[in-house]
Structures are given as C-alpha cells and as structure tokens.
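# Report on the structure
Listed below, chain by chain, are the residues.
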Amino acid sequence: MPLKMVDATLGTFDGVFEQFRLEAAKNKANLILFLADKDPSTSLSWCPDCLRAEPVIYKKLEASSDDVALLRAYVGDRPTWRNPQHPWRVDSRFKLTGVPTLIRWEDEAIKGRLEDHEAHVERKIDALIE
C-alpha cells in the first residue's frame, strides 16, 4: 500500500493532522501538500501553480514502492488564502507563504519543503521523499 492520501480543510485540519501524526511512524515518508481549493465554477484549482504541480507530485508519489502518506490540506478560496492572518500563514509549524507547498513531516517537525515555484520539479520531489 504505497500511497495513503487523506484530505483536510481549515475546519477539519486539526483532527486529520492529529491522526496523520499518530500514524507517521508506519510510513517511510509523511508529506503535507498545502494547495488551493477548487473553483466551484470550473472544478479546477484557482491556483495555476497548483494545477501545474499536482499531477507531477501524484505521479512521483504513486510510483514510489515505499509507504508514503500524503495529507492534502486545502487553504480555501482565493480571498481566504490572501488574508495575511490565514491560520497556516501564521502557524509557527508551517509559516506558509504560497501554494502549493509540499512539506516532509518527520519527528514532529518539517524536514524539508518545496515552495510554490519548485513544487512541480520532479528531481526536487524525488529528493524530498528519499
């Protein structure tokens, strides 16, 4: 069972993240992907960088033979995300500045991250999950 994926929103994140943390030791890699919500009018992400990065990230993770857990955390619509007081912008654990952001979570801390401008680069994704 190489890739285990769970989704969270701002409203459900704390509970989902707690479960993610409890199960972390079972996996070779534990990743959190912060990304934009889908635009209801198009069913596509409102974030062009997310549209570019998501397929590459999923392809790389699905190709891994190791147990990988991916928590997809949806930041909300564009106005919600643009708020400088967005909970994940000010959270000392994450300090998000852009989406998508792919984080490797290990030993209760961030062990690596790919920001919005690099989250689609295959060799960087490989390095993060190695």
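See the structure printed just above.
Predicted, not measured: the structure shown is a model, and the values here were computed from it.

All right, on to the pattern of salt bridges then. Summed over the entire model, instances satisfying the criterion amount to 13 salt bridges. When the shortest N-O distance is used, the salt bridge between Arg-52 and Asp-49 registers 3.3 Å. Within this pair, Arg-52 and its partner Asp-49 are both found in helix H2 (residues 48–63), separated by three residues, close to a single helical turn. Under the relative-accessibility criterion, Asp-49 is labelled partly exposed at 26%. Of the charged contacts in the structure, one is a salt bridge between Glu-122 and Lys-60, with a shortest N-O distance of 3.6 Å. On the criterion of sequence distance, the pair formed by Glu-122 in helix H5 (residues 122–129) and Lys-60 in helix H2 is long-range, its members being 62 residues apart.

A word on helix H1 (residues 13–23). Those residues of H1 that sit buried are Phe-13, Phe-17 and Phe-20. Projected onto a plane normal to the axis of H1, the buried residues spread over an arc of 55° and lie on a single side. Residues of H1 that are exposed and point more than 90 degrees away from the buried face comprise Asp-14 and Leu-22. At its buried positions, H1 is contacted by strand S1 (3–8), strand S2 (29–35), strand S5 (68–74), helix H4 (87–90) and strand S6 (101–106).

Now for the pairing of S2. Of all the seven residues making up S2, seven are buried; the element is thus mostly covered by neighbouring parts of the structure. Residues Ala-29, Leu-31, Leu-33 and Leu-35 of S2 are buried on one face, and the alternating residues Asn-30, Ile-32 and Phe-34, pointing to the opposite face, are buried as well. The sheet contact formed by S2 and S5 spans seven bridges and is parallel. Along S5, the bridge assignment pairs Ile-32 with Leu-71. Bridging between S2 and S6 involves four bridges; their strand directions are antiparallel. Looking at S6, one finds that Leu-33 is bridged to Leu-102.

So, how was this worked out
- Residues numbered from 1 in each chain as written.
- Predicted model: local features only at pLDDT ≥ 70, side-chain atom pairs only at ≥ 80, totals over all residues.
- Heavy atoms only, no water.
- Salt bridge = Lys/Arg side-chain N within 4 Å of Asp/Glu carboxyl O.
- Helix = DSSP H or I, 4+ residues; strand = E, 2+ residues; numbered from the N terminus.
- Buried < 20%, exposed > 50% of the residue type's maximum accessible area, 1.4 Å probe, protein only.
- Arc of directions from axis to C-beta.
- Contact = heavy atoms within 4.5 Å.
- Pairing = 2+ DSSP bridges.

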